[in-house]
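Notes for the structure review
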Amino acid sequence: MVIASAPGKVTLFGEHAVVYGEPAIVMAINKRTYVEMKAREDSKIRINAPDIIIRGITLTFDNNTFSIESDSAKILSELSYVTKAIELVVKKTNTFKGVDIKVWSEMPVGAGLGTSASIAVATIKAYSEILGLELNEKDIAFLGWQTELAIQGIASPMDATITTYGGIIQVQLIDNNIAIEKIRTSTKLPIVIGYIPREYKTKDMVIKVKSLKEKYNNVITPIITTIGNITRKAKQALEYGNLDEIGDLMNINHGLLEALGVSTKQLNDMVYAARKAGALGSKLTGAGGGGCIIALASKQIENVTSAIRSAGGQTLESGTSEKGIIITNE
Ligand code: PMV
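Computed from a prediction, not measured in an experiment: that's the story for all the values here.

**Digging into the overall build of the chain**
Helices and strands together make up the secondary structure of the chain, namely nine helices and 13 strands. By the compact-globule yardstick of 20 Å for 330 residues, the chain fits well, its C-alpha radius of gyration being 19 Å. Across its three principal axes, the chain shows a C-alpha extent of roughly 60 × 40 × 40 Å. Only carbon and sulfur atoms are counted for the fraction: they give 47% of the accessible area of the chain, which is about 14,300 Å². Taking the average location of the 36 positive side-chain charges in the chain and that of its 34 negative ones, the two points are 2 Å from each other.

**Quick look at the confidence of the model for the chain**
Scored by pLDDT, the chain has a mean of 89; 91% of the residues are at 70 or more. Counted against residues more than four places away or in other chains, residues 67-75, with its pLDDT under 50, gives 14 contacts.

**Digging into the site of the ligand**
What surrounds the ligand is a group of 16 residues, the closest being Lys9, His16, Ser156, Thr202 and Ala287. Contact distances for the ligand include 3.1 Å between an oxygen atom and a side-chain N or O atom of Asp159. Between the ligand and Arg198, the relevant distance is 3.3 Å, taken from an oxygen atom to a side-chain nitrogen or oxygen of the residue. Look at the ligand: alone it shows 380 Å² of surface, and the protein chains cover 94% of it. Elements with a contribution of two residues or more to the shell around the ligand: α4 (158-165) and α5 (202-215). Of the residues belonging to the shell around the ligand, the class tally is six nonpolar, six polar and four charged.

**Describing the sheet that holds strand β9 (residues 191-196)**
The strand order across the open sheet formed by four strands is β10-β11-β9-β12, and the pairing between neighbours is antiparallel. Each edge of the open sheet carries a strand with a single partner, namely β10 (281-285) and β12 (314-318). Put simply, the sheet's adjacent strands are angled 25° from each other on average, direction ignored. Both β9 and β12 contribute to a ladder of five bridges, which runs antiparallel. Bridging across to β12, Gly194 finds its partner in Thr315.

**Some points on the nonpolar core**
One finds Leu12, Phe13, Leu189, Ile193, Ile246 and Val304 to be the most contacted residues of the largest nonpolar core, which totals 55 residues. With sequence-adjacent residues up to four places away left out, Val304 is seen in contact with Val192, Ala274, Ala277, Gly278, Ala279, Ala295 and Ala297. Counting 33 residues, the second largest nonpolar core, distinct from the first, contains Ala6, Tyr127, Leu135 and Ile325.

**Observations concerning helix α9 (residues 301-310)**
Taken together, the buried positions of α9 are Val304, Thr305, Ala307 and Ile308. Viewed end-on, α9 has its buried residues packed into an arc of 165°, placing them on one side of the element. Of the exposed residues in α9, those oriented more than 90 degrees away from the buried face are Glu302, Arg309 and Ser310. Structurally, α9 contributes buried residues whose contacts are with β9, α8 (265-276), β11 (291-296) and β12. Note on α9: the residue one or two positions beyond its end, Gly312, has a positive phi of about 100°.

Conventions and cut-offs
- Residues numbered from 1 in each chain as written.
- Predicted model: local features only at pLDDT ≥ 70, side-chain atom pairs only at ≥ 80, totals over all residues.
- Heavy atoms only, no water.
- Helix = DSSP H or I, 4+ residues; strand = E, 2+ residues; numbered from the N terminus.
- Rg over C-alpha atoms; globule rule 2.2 N^0.38 Å.
- Areas by Shrake-Rupley, 256 points an atom, 1.4 Å probe, with all protein chains shown as cover.
- Lys, Arg positive; Asp, Glu negative; His and termini not counted.
- Charge placed at Lys NZ, Arg CZ, Asp CG, Glu CD.
- pLDDT = per-residue confidence, 0-100.
- Contact = heavy atoms within 4.5 Å.
- Near = heavy atom within 4 Å.
- Polar contact = N/O pair within 3.5 Å; in protein donor to acceptor, adjacent residues only side chain to side chain.
- Nonpolar A, V, L, I, M, F, W, Y, C, P; charged D, E, K, R; others polar.
- Pairing = 2+ DSSP bridges.
- Axes fitted to C-alpha atoms, helices over the stretch in contact; angles between N-to-C directions.
- Core = buried A, V, L, I, M, F, W, Y, C linked by side-chain atoms within 4.5 Å.
- Buried < 20%, exposed > 50% of the residue type's maximum accessible area, 1.4 Å probe, protein only.
- Arc of directions from axis to C-beta.

Next up, the structure:
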């Protein structure tokens, strides 16, 4: 039996612009998803995910595709990251084994904390262990990204990369290669996460920005370039541990995400409540359309937390996780 776990993430800078080749800075958080796998005698794959409201489901693998015994579309969409990840490992390695799988999460699923990529990457790691294969981090991150691409149709490698490597990293897609750079900060980042149920999927939000860009290219392209410049500046501020500057840049980044049409009234309410309560900076994080904000709380963690709650959000306090994908039961 093997248990793999991978962290969730928040995007500190550069979401959406990263889809167009600009750099983004992402931080792994110390909340994780877990994928447990046990080899079976037959060639079935059975998944149980009590925490993310998936009841036991039986999948059969035949002619290189899965068939699933369930009629619920919602269940299928949650499961798709697990099954697609397995499918890609099978295709890459030409090996297959039946497994019992259990999935659980320490953070809300589908709220913009990168749980889909985290589940995909933990699945890839656990399944490759069961098959006795040695996949390195680069392979795992790439397969995780391909899983997201196959399901969402459009995705940057950001989430799969951060959940594989952990820490704080700058990610950029250069000529279809994932360029990553570890960022070492000389200070702790006291981040409070606020979240509300998400109204839209990541894919919807990415398509929304794409359409806006197609319609108003001269207007939207400079916004995307400026977000890239914010990210480059923020990298230096993080390395110097300049919290005031990091906060300012978060505020500017939020304004531009609002300009791209991905914020909502509820997200803005949380962002402004956090600033009023003393946060050095705050912004939506992830795709937007509901989901999460982050606030750099400095010494005001309690004030900022209760302000976000009063603005209607739930909160999660989180530090950086240096650990990316790991086998938890070794
Ligand atoms: O909310 P999330 O974790 O799905 O983040 C999406 C980030 C985007 O930049 C909007 C899309 C992407 O694939 O990078």
